[in-house]
Amino acid sequence: MVPANGDEQTGRKTRSPEACSDPYLRCAFNGAALTALGVSRSALLAHSPQGCEYLVNAAFAAQECDYMETMTLCTKLCVDEIVHGGEDILARTIREVKELPIEALFVISACGPEIVGDDIAAVCETLQAEMKFRLVPIASPGFRGSQYDGIDIALDTILKQLVDGTVKRIPGSICLIAPHANANPTWPADLAWVKQVLMRLNIPVISTLTYRTPLSDIINSASAETCLVLSHDAGQKAADYLSASFGLDQVCKGIPLPIGMTNTQRWLSALGERFDTLKAADEMVAEGERMVTTTCRRKWPMARFLYRTPAAIVADATIGIPLVRFVTEEMEMTPKFIALYSGNRSVRDLLGGELKSLGLDPKIVYGTDVYTTRQGLREVVPRVVFGSTIERHAADGLGIPYVVEVVKMMRQFRMINREYFGYTGILNLFEAVQNEWTMAWRSREKRYRAKW
Amino acid sequence: METDSIVFHGTLQQLLEKVETGEMVPKLQASHAPMCKFFTAYYVISGIRHVVPLVHGPTGCPLYMSDFVRTRECCEIRGVPLEPTACTTLDESNVIYGGEGKLLDAAKEAYAKYHPDLIVILSCCCSGIIGDDVESIAREAEKQVGCRVLALKSEGFGGDFRSGYEDAFKLIMDLMEPPKTTMKGTINILGARWGPSPTEFNWDLDEIERLLSAIGIKVNAVIAGGCTVEQIRHAREVELNASWCYDWGQKLGDLIQQRFGVPYSRTGQPYGPEATREWLLGVATPLGMEKEASAVIERETREVEPDLAYLRQALSGKTAIIEISEFPGPIRALSLARMVEEFGAHPVVINVHPYTIKERMPSIKYILETGVNPEIILTKGLFKLGSFRSSKETEDELEAIVSGYDNPIFFGNSGRFPPCPVVNLTLMNPAFQPQYGYKGIRNIAALVRQALEYKDLPRSRLFKGMLYGAGKR
């Protein structure tokens, strides 16, 4: 097992291993936008040059925003504002949109204005009295880190600025954190599954940080008794803050997210135990496993033929870590290479625990980039890769027959969101494997033309 | 025809004058953000094969490019291999202490990893503001690696989208070596970008190349639409440069002409028979191949004569309302205005933003020089906050404008629902591409035929509701 950034394998001595990277993750500015756009009846003002607006657009799509409800704006900073400061144009733009029918305007700043020292907090404070809506400044320049850092920065700012610590605690309730730090391209389905489970267990959700979340829910977050982080990549800092400041108890901490039978059972049981609803949780497990088993009996997933096939997992930690057990136990493959986009201590500990428990010793790369992934694939030559469209192309020429696209996929379009969490999630993943299996059988060349 | 919602009604020439004198401010509202200089510079550079665009910035800047341009557009849509989008991943510490050392390491590392024919360092806002000297680093790196290393100051705040294209094209000129020979009957096509395969709308370029080949004209390179560094090195050996789109090619064409003396054929987009004839003769005549070109033009025209006859009959006496939007885009829309006039229709172009006039000033002036000066209408909705393409105001205004004309026909895309036949010219529908040349005439005739023959079929309540909200029927 090699916990490295891929550099230990190359043997380079003089170069900084991080000097040239082909990254998977967007920047902190994007993560902050992704978080702010999850607040309903709000607008987002990017205090940035115009190109950064495209990172906002990507976040807009990922949060499934509706342009009839949510507006994004940009100060479009040019040389003048970089030289002389952009606070005036920021103030002017905020005043320009003061009639928007919203409850909050999130002002997020990019690299340029942060380097030149624009004080977005001061501008917002000065203008707040003129506005009918709340101004929420978030300093989130791209150079502060990855999109996950941006999510943490934005959650921290939003919670510190908006949460009312005096609200009354609602027993047995919960606050959901960072559902959007999830590389399933249709992650809202994962969140929907979680909410459905919580409803069945009679656990009221006070707020979701963030997805179509009303401002009032965020303000009331401290009334939750517990919190639940829905990502292994971001959100832990918010949970720690809510715990330290308002006493929210974090549930399911240190357990892989519910992908696959064992992970789902473990996760549901932890919820059941914490909220004294173990019987209901057990029923859900039994019912879910029965549904998956009978469905498989009727549909015959081809995944069963991939017994002990060497596999690679290239994903975020949120999907990637739970997949390890699912791929190993349910699909009976053997993970030989695991490359995760992130690699903080808790990610390493969680994956390490899973591998130890399963008795696996694959090659591991934390904080991978596209080059490192390709080198890893070249070295290990797995027969199946669970990854993204990038790996489909990065694996070109390496003799890898199957690339199952489960994250960041561009080849397939989903009009209907599909979850990976829970029992239907298992079937969705089997379906992805099945479709790739069919594709791999397809002849690469036409041998002859039909006569008609 | 005047209504309260109209803020300008005149000719293209008059609109240009209002923009030039400052009477109409060429500024987009806060909700509209075109691409920045870095994006467009990247588009051009990534159009060279085996290049490493080395982005000197945080990860956000290259990620849009690597997801959208590299993986989706290049790999998925055009089937070309995965190429790198390298990045120095600037962090807070680099912003404080500078990132030049890291950049030099990155250039060397990029060469070792990817074995490219060319490395182009692209600076971003961060590296530009902190003053990293990317050009010196490029010179230093070039001494230490086995390929050319160029640098482009492409900070997002440093210019509008147009400046990125133009600066990148200028940079490419540094790769062009003094000619050792002359490639007879050979041209370069200028102004392409996006990815290491042909330019974004391959079909139009394919049609141009088909017609050139029929005449006997060879193409050395499509710059920068999938060309190689080797082709760029020999770019000065051609007899002539031409552009696939006047708007994007002219700057590079003019610069090469001024600096290296290679003539440039100034022609518009080949929409319709006359513009196509002009384009082909504009290239063939300087090469001494006018006779061959005339023969091709005659043959091709004969083959599309039924379509030409149909277009003359279908469009004669009509008012063609042409909308500028993302696709087909402003310059194509003006080319369409010329084409419909040729078929006897009266063109009215709506909602060309003053910003577009400013950004595309040389092309607009050229179009006016060629005698194209259509009627222009700008409406209030154009200047409102919000998404223009799905703006209820502009849709309502369009419907009102169309109702004010006799015998109207709309040229735009199917996202609009005016009470008249709609010719769906979106470039997002590959079923009717190309729009250039003689194949384009066939396709446009087919689109006009569909619009007129099926004008009474119901439009989609679903799509209209999606775009403009419930209640619009």
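All of the points below concern the structure found in this document. In this text, all values refer to a predicted model and were calculated from it rather than measured experimentally.

This part takes up the packing of helix H2 (residues 28-36) of chain A against helix H8 (residues 147-162) of chain A. Residue and element names in this part refer to chain A. For the pair H2 and H8, the least separation of the axes is 6 Å and the interaxial angle reads 45°. Here H2 is positioned oblique relative to H8, judged by the angle of their axes. Crossing hand, H2 versus H8: right-handed. Between H2 and H8, the residues in contact are Ala28, Asn30, Gly31, Ala32, Leu34 and Thr35 and Gln147, Gly150, Ile151, Ile153, Ala154, Leu155 and Ile158, respectively. Taken together, the residues of the contact of H2 with H8 sort by class into 8 nonpolar, 5 polar and no charged.

This paragraph deals with empty space enclosed by the protein. All told, the structure shown has 4 cavities of 30 Å³ or more when counted by the stated rule. There is about 190 Å³ of room inside the largest cavity. Around the largest cavity sit 19 residues that line it, and Gly51, Cys52 and Leu55 of chain A together with Cys61 and Cys125 of chain B are the ones nearest its centre. Elements supplying a minimum of two residues to the lining of the largest cavity: helix H2 (37-45), helix H3 (60-77) and helix H6 (125-130) of chain B. Classifying every residue of the lining of the largest cavity by side-chain character gives 15 nonpolar, 4 polar and no charged. In this structure, the second largest cavity encloses a volume near 150 Å³. Together, 13 residues line the second largest cavity, and Gly268, Gln269, Ser335, Arg338 and Ile367 of chain B are the ones closest to its centre. If you tally residues by element for the lining of the second largest cavity, the top one is helix H15 (residues 330-342) of chain B, at 4 residues. In terms of residue class, the lining of the second largest cavity is made up of 7 nonpolar, 4 polar and 2 charged. Counting contributing residues per domain, the lining of the second largest cavity is built from domain 1 (6-30 + 306-468) and domain 3 (183-303) of chain B, each supplying no fewer than three.

Walk down a regular strand and you will see the side chains alternate between the two sheet faces. All names here are of chain B. Extensive coverage of strand E4 (residues 118-123) is indicated by the burial of 6 of its 6 residues. Of the two faces of E4, the one lined by Leu118, Val120 and Leu122 and the one lined by Ile119, Ile121 and Ser123 are each fully buried. Pairing geometry for strand E2 (residues 51-56) and E4, over 6 bridges, is parallel. The residue bridging His56 from the neighbouring strand is Ser123, located in E4.

Once that is clear, we can look at the sheet that holds strand E13 (residues 402-405) of chain A. Residue and element names in this part refer to chain A. A sheet is described by the order of its strands in space; here 5 strands give the open sequence E11-E10-E9-E12-E13, paired in parallel fashion. Looking at which strands have only one partner, the edges of the open sheet turn out to be strand E11 (363-366) and E13. On average, adjacent strands in this sheet sit at an angle of 15° to one another, irrespective of strand direction. Here 6 bridges tie strand E9 (residues 310-315) to strand E10 (residues 334-340), and the two strands are oriented parallel to one another. Across the sheet, the residue bridging to Val314 is Ala339, located in E10. This element, helix H18 (residues 422-441), spans strand E12 (384-387) and E13 of the sheet and lies at about 145° to E13.

Cut-offs and rules
Residues numbered from 1 in each chain as written. Chains lettered and ligands numbered in written order. Predicted model: local features only at pLDDT ≥ 70, side-chain atom pairs only at ≥ 80, totals over all residues. Heavy atoms only, no water. Axes fitted to C-alpha atoms, helices over the stretch in contact; angles between N-to-C directions. Helix = DSSP H or I, 4+ residues; strand = E, 2+ residues; numbered from the N terminus. Parallel < 35°, antiparallel > 145°, perpendicular 65-115°, else oblique. Left-handed = near helix turned anticlockwise from the far one by under 90°. Contact = heavy atoms within 4.5 Å. Nonpolar A, V, L, I, M, F, W, Y, C, P; charged D, E, K, R; others polar. 1 Å grid on protein atoms, 1.4 Å probe; cavity = no way out; pocket = protein on both sides within 12 Å on 5 of 7 lines; lining within 4 Å. Points joined across faces, edges and corners; volume = space filled by probe spheres on them. Domains from an automatic or database assignment. Buried < 20%, exposed > 50% of the residue type's maximum accessible area, 1.4 Å probe, protein only. Pairing = 2+ DSSP bridges.

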